[in-house]
Each structure stands twice: as C-alpha cells, then as structure tokens.
Amino acid sequence: MLDSKYVDRVKPDGGAKVLALAGGGARGLAHIGVIKVLERNGWKPDLITGVSMGAIIGGLYGLHASVEELEEAADLFVRDVLQKRLGLKRMLESEHRINLNWELGEVFLRLITFGWVTRSAGLIPAKTLIKLLQEFFEGKTFADLKIPFLCLASDLYSGRSVVLDSGDLAIAAAASSAIPGIFEPVTIGDRMLIDGGITANVPVPRRNNDTPHWVIAVNVLPSVHREGPFKSSVDVVVRANEIMDVRNNRTYLRWADDIIEPDVRHISMFDFDDLPSLIKKGEEAAEQYLRDLEKEATEYNSFEAKMKRLWNR
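**Some details on the nonpolar core**
- Ranked by internal contacts, the top residues of the largest apolar core, which has 74 residues, are L29, I57 and L133.
- When sequence neighbours within four positions are dropped, the list of residues in contact with L29 reads M53, I57, V78, F272, L275, L278 and I279.
- Ranked by size, the runner-up nonpolar core spans 20 residues in total, among them A22, A200, V202 and A256.

**So, the confidence of the model for the chain**
- Across the chain, the average pLDDT comes to 83, with 77% of residues at 70 or higher.
- Residue range residues 91–100 is modelled with pLDDT below 50. Its contacts to residues more than four positions away, or to other chains, number 15 contacts.

**Section: unusual backbone geometry**
- One non-glycine residue with positive phi stands out, namely S52, at about 55 degrees.
- Tracing the backbone shows S52 in the loop between β2 (47–51) and α3 (53–64).
- You will see that E138, though not glycine, has its phi angle at about 55 degrees, which is positive.
- With respect to the helices, strands and loops of the structure, E138 is situated in the loop between α7 (126–137) and β4 (149–155).
- A relative accessible area of 48% places E138 in the partly exposed class.

**Quick look at the pairing of strand β8 (residues 191–195)**
- Where β4 lies against β8, three bridges are found, and the strand directions are antiparallel. Its bridge partner being in β8, S154 is matched across the sheet by I194.
- Here three bridges tie strand β7 (residues 186–188) to β8, and the two strands are oriented antiparallel to one another. The residue bridging I188 from the neighbouring strand is R191, located in β8.
- As consecutive antiparallel partners, β7 and β8 are separated by two residues, and within that stretch G189 has a phi angle of approximately 65 degrees, a positive value.

**Description of the pattern of salt bridges**
- For the structure on display, the rule yields nine salt bridges.
- With a closest N to O distance of 3.8 Å, E287 and R40 form a salt bridge. With E287 in helix α10 (residues 275–295) and R40 in helix α2 (residues 30–40), this residue pair connects regions lying 247 residues apart in the sequence.
- Judged by its relative accessible area of 28%, E287 is partly exposed.
- For R40, a relative accessible area of 51% translates into the label exposed.
- Across the salt bridge formed by R265 and D263, the nearest N and O atoms sit 3.0 Å from each other.

**Let's talk about α10**
- Counted at 1.5 Å a residue, the expected span for α10 with its 21 residues is 30 Å, and the 31 Å between its end C-alpha atoms agrees.
- If you check which residues of α10 are buried, you get L275, L278, I279, G282, E283, A285, A286, Y289, L290 and L293. Projected onto a plane normal to the axis of α10, the buried residues spread over an arc of 165 degrees and lie on a single side. Counted as exposed and oriented over 90 degrees from the buried face of α10: P276 and K295.
- Backbone nitrogen of S277 and a side-chain oxygen of the N-cap are separated by 3.3 Å at the start of α10; the cap is D274.

**Quick notes on the side chain of D258**
- With respect to the helices, strands and loops of the structure, D258 is situated in strand β10 (residues 258–260).
- Within the local environment of D258, its side chain forms a polar contact with the side chain of Y289, the two groups lying 2.7 Å apart.
- What D258 contacts, discounting residues up to four positions off in sequence, is W214, V215, I216, A217 and Y289.

**Digging into the packing of α3 against α7**
- Contact geometry for α3 and α7: axes closest at 11 Å, N-to-C directions at 30 degrees. Judged by the inter-axis angle, α3 sits roughly parallel to α7. The residues of α7 that touch α3, namely those facing I56, G59, L60 and L63, are L133, F136 and F137.
- Of the residues contributing to the contact of α3 with α7, the split by class is six nonpolar, one polar and no charged.

So, how was this worked out
- Residues numbered from 1 in each chain as written.
- Predicted model: local features only at pLDDT ≥ 70, side-chain atom pairs only at ≥ 80, totals over all residues.
- Heavy atoms only, no water.
- Core = buried A, V, L, I, M, F, W, Y, C linked by side-chain atoms within 4.5 Å.
- Buried < 20%, exposed > 50% of the residue type's maximum accessible area, 1.4 Å probe, protein only.
- Contact = heavy atoms within 4.5 Å.
- pLDDT = per-residue confidence, 0-100.
- Helix = DSSP H or I, 4+ residues; strand = E, 2+ residues; numbered from the N terminus.
- Pairing = 2+ DSSP bridges.
- Salt bridge = Lys/Arg side-chain N within 4 Å of Asp/Glu carboxyl O.
- Expected span 1.5 Å × (residues − 1).
- Arc of directions from axis to C-beta.
- Polar contact = N/O pair within 3.5 Å; in protein donor to acceptor, adjacent residues only side chain to side chain.
- Axes fitted to C-alpha atoms, helices over the stretch in contact; angles between N-to-C directions.
- Parallel < 35°, antiparallel > 145°, perpendicular 65-115°, else oblique.
- Nonpolar A, V, L, I, M, F, W, Y, C, P; charged D, E, K, R; others polar.

Rendered as structure tokens:
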C-alpha cells in the first residue's frame, strides 16, 4: 500500500488531486484518453502515481504536462519500440494472424526447448528496456518533472512494493514495467526490481483522515471474465495473473475516492496494435465518469459547484 506521506509532501495541508494509473500492458494506453478528457475539463493532478504501463504513461505526462505531447510520445513508443524494435508488429501481422498470446506462447515454448529461458532472468535484458525508455524520457530525472510523479516496483528479495520517486525516470519506469520472464529485473542499489503490479497493481495512496486528498484511480482490469481462446501455457499463465490482479485490485481501489474503468477487457495485455481505439476507450470512460458526477448535482446547488469542489478541494 502506498503511504499517504508521499501525497502529504505535495500538499501538506491536504486537498491534493491524485491520479493513480494502474498497470495492464496494452490496456494501460487507455490512460491517455482518460487524461485527455480530464485535462479538457480543467482537471490536472497535483500528483501522478503509476504502475507498469501506468508508470510509463504517468511519467511521460508528468514530464511534459501536456496531453498532446504525451499522445505523440506514446504513439512513437508503440510503433517504434514495441512493434518494430521488440517485434510485436511482426507477430501481429503474421501470415495467419493468430491470437497474439498464442504466438508469444509458441515463442516461449521454443525458447524453453533450447534452454534459453532457464539460463536467463528474462528474455529481454534490463539494459535494453532502459535504453529504449531513455530515448522517450530524454535522460530526465524526477527533478525535471512538471507534475510530481512516482511509481511502484516490486522487490524480488523482500517481496514488498517499492516506491521510486528519485533518480533517472527511464530506470524507474523500466523497473515498474519489468514483466517477470519477459524483461530482466532492474537492479537499483541493492534491490532487484520487477513489475510493480506483482505487489500493488493500482497505486492508490492509503487514506489519511488528518490530511484528506482526492484520488481518482484508473483501473484497466475491471472484470474477471474474458473470452478465450487460451491455446498455450503462456495464455494460461497470463490469464491466471489477470485473475489475481483483478482480485487484488479491489483491495487497493477501496482507498480511491473515484474510479474510472475503461472497457478494455477484450484487449490482450500484449496487443498494442490499435492505439487510437485504446485512447478512445479511455475517453469514453472518463466522459461517463463526468456524466455520473452531473447526475449527483441534485445534492449541490449546481453541477459547476460540485466540479469546483472536486477540482479544487
């Protein structure tokens, strides 16, 4: 659980607006759409917290403080890094156009056959992931952020969640998004770090009644149910992790004041093929969130009054 002291640092007297961006692989790109709608309606966070893809999106938004620049960077990241350099585009456009998770499963099985996986802590070296992310974070550190940001990773030694809020942004984002087995763990100091979603997939700060803050959590794993097919062992492992994440998310979401849940349950965590559609799903969910606020306006003098209360508390 993320301690409220990290929020208190931003606004010691309370009233900080916190945007908590959950992990979820490709589904996390829906965060961009949520940010677009909130920013369009005059809401900007005082603190961004992120896990895995939420850490990458949150870090880029905190660095640029502009949803336009965020969207441009994310588009380039998906096309150049994930699809081209890491090979996802080739798998998505394969001759038979098979389910992406099935293809990844075949790759894993072949690697295991040759013993590659058992001799390595990850298919992709940590230094490769860090180098790719550094291109997008431009070598910046947490001190360069325009909007305060922190992310969570998981410590392989202690099994605990680790808060990363200083140093190189790319290294922190890499640690937070180092999916076990796919990416090699990232070493920071005496810690060996992997994907933050392993210990806390929704980075919601614990509520402190002495200094209340307002937390909007964006959850991109809203439902346990998902259609198959689950054709390979990796399909089953990925699906099992999804189920655990959905169950565990409920523990952390109870600390949020509001929850936005884009309808991306049908998207594979590795399917980065349609960024515009994922962004659109985020926009739709955020717009529905605002409509729900409007429905509650009867408890206040006007919708504008409640918006002001939420945006400026």
